[in-house]
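Take a look at the letters that make up each chain.
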Amino acid sequence: MSIDAVVWDIDDTIFDYTAADRAGMRNHLAAEGLLDGAPVEQALARWREVTDAQWARFSAGETDWQGQRRERVRVFLGEPLSDTEADAWFDRYITHYESAWSLFPDVLPVLDSLVDSHRHAVLSNSSLLAQDRKLRVLGVHDRFEAILCAAELGVSKPAAAAFHAACEALELPPHRVAYVGDHPEIDGRGAAEAGLLSVWIDRDGTHTAVGGPPTGPHRIASLAELPAILGVDTRFGASSTFR
């Protein structure tokens, strides 16, 4: 059966979240005077550890979107800040983080190569408030027919219901939809078990493989490999025509 649509993850799939987060936090900590005598890499590793832990709580429904942000600040600083204080600190970080936003360089070429052959949507374990704006700033919002996020759906990846919601938004059965994401379990395994054609992008090659076709995800190192998996004959690498 042919694949008619591609559903995309955003962070660390089309948007270089890790680089933006590191650059943003580095600049934020410097502006807050929190790097005086402190190892930068240690602070950045701690921020990522806290972020991952609080994100897991949000994905499990243990806290809401704003709650996970506040707890990231409180745990990272080790201070019992009020909601207002935590929000203000996070908002100052966001200013630095957003200044570092960028797409991966292989994103626009692959979207261009698939523009006539496939429909496109987004499924993210984030909030629509954050991701809708991000896609607009990055200039790709209009590329996607539907943008679905866990905060509004009430269900997160890797639950099959999250992937099926994206398929329903496109009015397509799962076996005619591909999903592209960067996390081997949340995206790769989750999409495969939900019945979609799962494509796991492992850009740095540091993860352990979680399976292969036909039941597991197809593992790629670059989005340049995606058209071949979808069976599309393209001139991948042509300059973007999207304005």
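Our subject is the structure listed above.
Figured I'd write up the structure that's included with this text. (Residues numbered from 1 in each chain as written. Predicted model: local features only at pLDDT ≥ 70, side-chain atom pairs only at ≥ 80, totals over all residues. Heavy atoms only, no water.)

### A short note on the layout of surface pockets
The probe, sized like a water molecule, is rolled over the atoms to show the empty space still left. Here the largest pocket defines a volume of roughly 1100 Å³. Lining the largest pocket we find 47 residues, and of these Asp 11, Asp 12, Tyr 17, Arg 48 and Trp 55 sit closest to its centre. Among the elements that take part in the lining of the largest pocket, helix H2 (residues 40-59) stands out by supplying 6 residues, more than any other. Counted by class, the lining of the largest pocket contains 16 nonpolar, 14 polar and 17 charged residues. (1 Å grid on protein atoms, 1.4 Å probe; cavity = no way out; pocket = protein on both sides within 12 Å on 5 of 7 lines; lining within 4 Å. Points joined across faces, edges and corners; volume = space filled by probe spheres on them. Helix = DSSP H or I, 4+ residues; strand = E, 2+ residues; numbered from the N terminus. Nonpolar A, V, L, I, M, F, W, Y, C, P; charged D, E, K, R; others polar.)

### Quick notes on unusual backbone geometry
The omega torsion across Lys 157 and Pro 158 is 15°, close enough to zero to call that bond cis. Note on placement: Pro 158 falls in the loop between helix H7 (150-153) and helix H8 (160-170). In this structure, Asp 12 is a non-glycine residue whose phi angle is positive, near 65°. Inspection of the secondary structure puts Asp 12 in the loop between strand S1 (5-8) and helix H1 (17-31). The backbone of Glu 171 sits at a positive phi, close to 55°, despite the residue not being glycine. Here Glu 171 lies in the loop between H8 and strand S4 (177-181). The exposure class of Glu 171 is exposed, given its relative accessible area of 72%. (Buried < 20%, exposed > 50% of the residue type's maximum accessible area, 1.4 Å probe, protein only.)

### Regarding H1
In this model H1 runs 21 Å from its N-terminal to its C-terminal C-alpha over 15 residues, within 8% of the 21 Å that 1.5 Å per residue would give. Residues of H1 that are buried include every one of Tyr 17, Ala 20, Asp 21, Gly 24, Met 25, His 28 and Leu 29, and no others. Looking down the long axis of H1, one finds its buried residues gathered within 150° of arc, a one-sided arrangement. The inward-facing, buried residues of H1 abut H2, helix H3 (65-77) and helix H4 (83-98). Downstream of H1 by one or two residues, Gly 33 has phi in the positive range, about 70°. (Expected span 1.5 Å × (residues − 1). Arc of directions from axis to C-beta. Contact = heavy atoms within 4.5 Å.)

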